[in-house]
Number of protein chains: 2
Amino acid sequence: MLIEGGRIAQTGPDLPSRPGVPEEDCGGAILLPGLVEAHTHLDKSLWGMGWRPHQAGPSLRDKIDTERRLRQEWNIDPHRQSTRQALLSLGHGSTAIRSHVDVDTETGLAGIEGVARTRSELAGLVDIEIVAFPQSGLMTRPGTLELLDAALRGPADVVGGLDPCGMDADPKGQLDAVFALAEKHGKPIDIHLHEPGELGAFSMEMIIERTCALGMQGRVTVSHAFCLGMPDRDRARALVAQLAEAQIHIATVATPFRPVPLAEDLRAAGVTLCAGSDGIRDTWGPYGNADMLERAMLLGQRNNMRADSDVEHALWCCSWGGAKVMGLEDYGLETGCQADLVLVEAETVAHAVVAHPPRKLVLKAGRIVAREGRSLREAP
Amino acid sequence: MLIEGGRIAQTGPDLPSRPGVPEEDCGGAILLPGLVEAHTHLDKSLWGMGWRPHQAGPSLRDKIDTERRLRQEWNIDPHRQSTRQALLSLGHGSTAIRSHVDVDTETGLAGIEGVARTRSELAGLVDIEIVAFPQSGLMTRPGTLELLDAALRGPADVVGGLDPCGMDADPKGQLDAVFALAEKHGKPIDIHLHEPGELGAFSMEMIIERTCALGMQGRVTVSHAFCLGMPDRDRARALVAQLAEAQIHIATVATPFRPVPLAEDLRAAGVTLCAGSDGIRDTWGPYGNADMLERAMLLGQRNNMRADSDVEHALWCCSWGGAKVMGLEDYGLETGCQADLVLVEAETVAHAVVAHPPRKLVLKAGRIVAREGRSLREAP
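Residues numbered from 1 in each chain as written. Chains lettered and ligands numbered in written order. Predicted model: local features only at pLDDT ≥ 70, side-chain atom pairs only at ≥ 80, totals over all residues. Heavy atoms only, no water.

On to the overall build of chain A. Assigned secondary structure in chain A consists of eleven helices and 15 strands. For 380 residues, the compact-globule formula gives about 21 Å, and the C-alpha radius of gyration of chain A, at 20 Å, lands near that figure. In terms of principal-axis extent, the alpha carbons of chain A reach across some 65 × 45 × 40 Å. A buried classification covers 61% of the 380 residues belonging to chain A. For chain A, the proportion of contacts with a sequence separation of at least 24, taken over those separated by at least 6, is 76%. The positive charge centre, built from 38 side chains, and the negative charge centre, built from 52, are 4 Å apart in chain A. (Helix = DSSP H or I, 4+ residues; strand = E, 2+ residues; numbered from the N terminus. Rg over C-alpha atoms; globule rule 2.2 N^0.38 Å. Buried < 20%, exposed > 50% of the residue type's maximum accessible area, 1.4 Å probe, protein only. Contact = heavy atoms within 4.5 Å. Lys, Arg positive; Asp, Glu negative; His and termini not counted. Charge placed at Lys NZ, Arg CZ, Asp CG, Glu CD.)

This is the structure we're talking about:
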């Protein structure tokens, strides 16, 4: 492969050496496009802060309240922590990240500003997209809407939302507000929807309705979408058909302890599925390592994907799928694409997913940014 | 820690050096007891045979038939493959393995003999317990019972069984035969029970009944036990209470795509839960790496364990729990225990589970058998 001007210029066997163009011997490793971390929370990781015993109780509300408390007590600095996690991701080959970033009346825009600073400092290494995310509620916390509006006038790229019934108990109010913000700023939407079963289906149908009414097809993502894992698979498939028509994307983390959307049903209906790590070692839980090749394995296992072509689809969700959801241009391995590339030592693509060995090399726009699983830029 | 005669002789701060006793600087790493791989299939891994695209269809029957075919075509040699997988396990710190080994009218006792040879060659490195496992059915395949009987007269330690309804369609016939073999040979039982919902509950109650009637309390394990993940949690808990009374153990692999027994319910009732990798990269599926510290993480994630004490319980299942099920004597970290030990660089036990870095050192009966994630004995 010849890379020129940060793009894939030529591929094929026996390309001649070019004077002045440095060469890398890839040693027969497999070349993948840069992985895409399509759902995470860069502002809240505790990575690099030493092990801290988990404190939150089991409810969603308790996790949110515990986080707001510990953010102050432990000085979880969004700029420092997002830099640490983004460089961890880059070491594992993620060259683009969609991050939800908390906006609430206590934190204000500090999270958004911290992650935006990280984004500009890491420009050229990793692309970061910022979702303004009302983690503590939108309708129940007056002042949050104005903060979201300010975030979207500023560095935020995407309008976030969260459980319009379960969190705000005002689905019409919240969703109308979220879609109005999207319309006002001309920005896409990504809504966390943890609500299970028929409650989630109810909220999802309200999202679908607004997406179509406002002509936002292709610009709305529903994250988690646990309701699609409901036992009544016919009902779930009917919802999936509506999602396909509205061109709404689904983001999953392949949650192991909750019903999840079935990759097979989404694929059959033509709904784009992307994936993410969710929170990495934060006050919500201790797990995660930001490795999207391992995430592909977990997604494959969660969906009982065994055939090589199915395992390859799990990788597709963690690369092309995420690129589509984030609207990345010139993504892929074709001539002319931006040279965001990952080298993995494996026999086949399915083997790369299953074994996910440390990435041999990562390139961002043709520049070497990580080797042997670690970004060349040191984390703070 | 001072180790003498393969056992933990003394622990404490500032132990004096002993002339002639070699020392290892553990550099502040965490010491765990040897991990226990309590459910796997050593005879069928393709590890080290190069990547082979997955061929089997989705049904259990198709997986079994495909395996019998490929075992011949690909020359999946039980001795060579079990040696490879056992040494892989040892590198990750497993010092004891319970392996189900296929017995059928095509393979005969070749699997049992191959794994038994591996066991004797690896004596002193890793303990291997052999379950004579009628993978292709017991009642539906005449001649299998006699082969199981021969295996149990020989090297097999445990009587295996498999889905008495779903596989043999003769639960009374199969379970009576299995328990009769156990009684005849004075050996414990480990039954694969994939049957879901009420069908699995029906089979499980027949197992419980026979366990109590024959005084086999504490000597019967049910592997997988997917029926305990049935939606009716009260019904599942009633079954768990019966299991507790019969002192029946549960072995899980924390299957990501199937309902599974809830660790929390088993723990509350006092039922011992152990864990395993199941098949490692075999004709059944491409996943697995034989790392029981990673399995503890997967078990924790599957059961939504977030508090440090819960993550530690996940590790307990992959160590003490397995030791109890296998009946390992002198297991643990107390003075007098056999020095089967694993060193992991981590800040806390929960951190060791979540991060599962390569094992720094593994000891079997006080002897160093692996370093930096690799067994010192080379695999064939």
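Having seen the structure, we can now continue with the description.
Residue and element names in this part refer to chain B. Side chains of strand β10 (residues 249-252) alternate between two faces, with H249 and A251 and I250 and T252 buried alike. Bridging between strand β9 (residues 220-224) and β10 involves three bridges; their strand directions are parallel. Its bridge partner being in β10, S223 is matched across the sheet by A251. A crossover connection joins β9 to the parallel β10 through helix α7 (residues 233-245); in handedness this β-α-β unit is right-handed. Strand direction decides the pairing type here: β10 and strand β11 (residues 273-275), joined by three bridges, are parallel. Within β11, the residue paired with I250 across the bridge is L273. (Pairing = 2+ DSSP bridges. Right-handed = clockwise from strand over helix to strand, strands pointing away.)

Our focus in this paragraph is the relation of the copies chain B and chain A. The transform that puts chain B on chain A rotates by 180° and translates by 0.0 Å along the axis, for an RMSD of 0.0 Å. Here the transformation between the copies is reduced to the relation of a two-fold axis. Relative to the rotation axis, the closest C-alpha in chain B is found at P256 of chain B, a distance of 3.1 Å. In this assembly, 100% of the residues forming the interface of chain B have copies in chain A that are likewise at the interface, indicating an isologous arrangement. (Least-squares fit on C-alpha atoms with pLDDT ≥ 70 in both.)

Regular strands show a simple pattern: their side chains alternate between the two faces of the sheet. Residues and elements named next belong to chain A. Burial within strand β9 (residues 220-224) is extensive, with five of its five residues counted as buried. By the bridge criterion, five bridges tie strand β8 (residues 189-193) to β9 in an arrangement that is parallel. When the sheet's bridge partners are listed, D190 is paired in β9 with T221. Between the parallel elements β8 and β9, the chain passes through helix α6 (residues 197-213) in a crossover that is right-handed.

Before going further, it helps to examine the packing of helix α5 (residues 171-185) of chain B against helix α6 (residues 197-213) of chain B. All names here are of chain B. Two elements in contact, α5 and α6, have axes separated by 11 Å at closest approach and are oriented at 35°. Here α5 runs over α6; the crossing is right-handed. The residues of α6 that touch α5, namely those facing P171, K172, L175, D176 and F179, are F202, S203, M206, I207, R210 and T211. Across the contact of α5 with α6, the residue classes tally to six nonpolar, two polar and three charged. (Axes fitted to C-alpha atoms, helices over the stretch in contact; angles between N-to-C directions. Left-handed = near helix turned anticlockwise from the far one by under 90°. Nonpolar A, V, L, I, M, F, W, Y, C, P; charged D, E, K, R; others polar.)

This part takes up the interface of chain B and chain A. At the junction of the two partners, chain B supplies 29 residues and chain A supplies 29 residues. Of the roughly 2,900 Å² buried where chain B meets chain A, counting both sides, 59% is carbon and sulfur surface. By the criterion of area lost to chain A, the three top residues of chain B are W51, Y287 and R306 of chain B, representing 30% of everything that side buries. There are zero salt bridges connecting chain B and chain A. Inspection of the region where chain B meets chain A yields 16 residue pairs in polar contact (both at pLDDT 80 or more). Going through the elements one at a time, α9 (292-302), α10 (308-326) and α11 (349-355) of chain B are the ones with two or more residues in the side of chain B that touches chain A. (Buried area = accessible area lost by both parts, 1.4 Å probe. Salt bridge = Lys/Arg side-chain N within 4 Å of Asp/Glu carboxyl O. Polar contact = N/O pair within 3.5 Å; in protein donor to acceptor, adjacent residues only side chain to side chain.)

Residues and elements named next belong to chain A. With 14 residues, helix α2 (residues 78-91) extends 20 Å between its outermost C-alpha atoms, agreeing within 8% with the 20 Å of an ideal straight helix rising 1.5 Å per residue. Most of α2 sits inside the fold, with 13 of its 14 residues counted as buried. Trailing α2 by a residue or two, G93 shows a phi angle of about 100°, which is positive. (Expected span 1.5 Å × (residues − 1).)

According to UniProt, the positions carrying the feature "domain: Amidohydrolase" (unreviewed entry) are residues 25-370 of chain A. The span residues 25-370 of chain A carries 40% helix and 17% strand; its end-to-end C-alpha distance comes to 15 Å. (UniProt positions renumbered as here; feature names shortened; annotations may be inferred.)

Our next topic: the nonpolar core. Nonpolar side chains tend to gather and get buried jointly when the protein is soluble and globular. By size, the foremost hydrophobic cluster in this structure holds 168 residues, and its most contacted members are M204 of chain A together with M204 of chain B. What M204 of chain A contacts, discounting residues up to four positions off in sequence, is L193, V222, A225, C227, L228, L239 and L243 of chain A. (Core = buried A, V, L, I, M, F, W, Y, C linked by side-chain atoms within 4.5 Å.)

A separate point is helix α5 (residues 171-185) of chain A. Residues and elements named next belong to chain A. Over its 15 residues, α5 extends 21 Å from the first C-alpha to the last, a length consistent with the 21 Å expected when each residue adds 1.5 Å. Considered for burial, the residues of α5 that qualify are P171, G173, Q174, L175, A177, V178, F179, L181, A182 and H185. Contacts made by the buried residues of α5 are with α4 (144-153), β7 (158-162), β8, α6 and β9.

Looking now at the side chain of S223 of chain A. Residues and elements named next belong to chain A. Tracing the sequence through the fold places S223 in strand β9. In this structure the side chain of S223 is engaged in a polar contact, spanning 2.9 Å, whose partner is the side chain of H39. Residues contacting S223, with those up to four places away along its chain left out, are H39, H100, D190, I191, H192, L193 and A251.

Residue and element names in this part refer to chain A. This model, assessed by the stated rule, comprises two aromatic pairs over all chains. Considering the side-chain rings of W320 and Y331, the 6.0 Å spacing of their centres and the 90° angle between planes classify their relative orientation as edge-to-face. Residue W320 is located in helix α10 (residues 308-326), and its partner Y331 is located in the loop between α10 and β12 (341-344); the two are separated by eleven residues in the primary sequence. When its relative accessible area of 32% is taken as the criterion, W320 is described as partly exposed. On the basis of relative accessibility, which here comes to 16%, the residue Y331 falls in the buried class. (Phe/Tyr/Trp six-rings, centres within 6.5 Å; stacked < 30°, edge-to-face > 60°.)

Here the focus is the sheet that holds β9 of chain B. Residues and elements named next belong to chain B. One open sheet accounts for eight strands, arranged β4-β5-β6-β7-β8-β9-β10-β11; its pairing is parallel. Of all the strands in the sheet, the pair left with one neighbour each is β4 (35-40) and β11. Neighbouring strand axes in the sheet, compared pairwise and without regard to direction, differ in orientation by 25° on average. Sheet analysis places β4 next to strand β5 (residues 94-102), joined by four bridges and oriented parallel. Bridged to V36 within β5 is A96.

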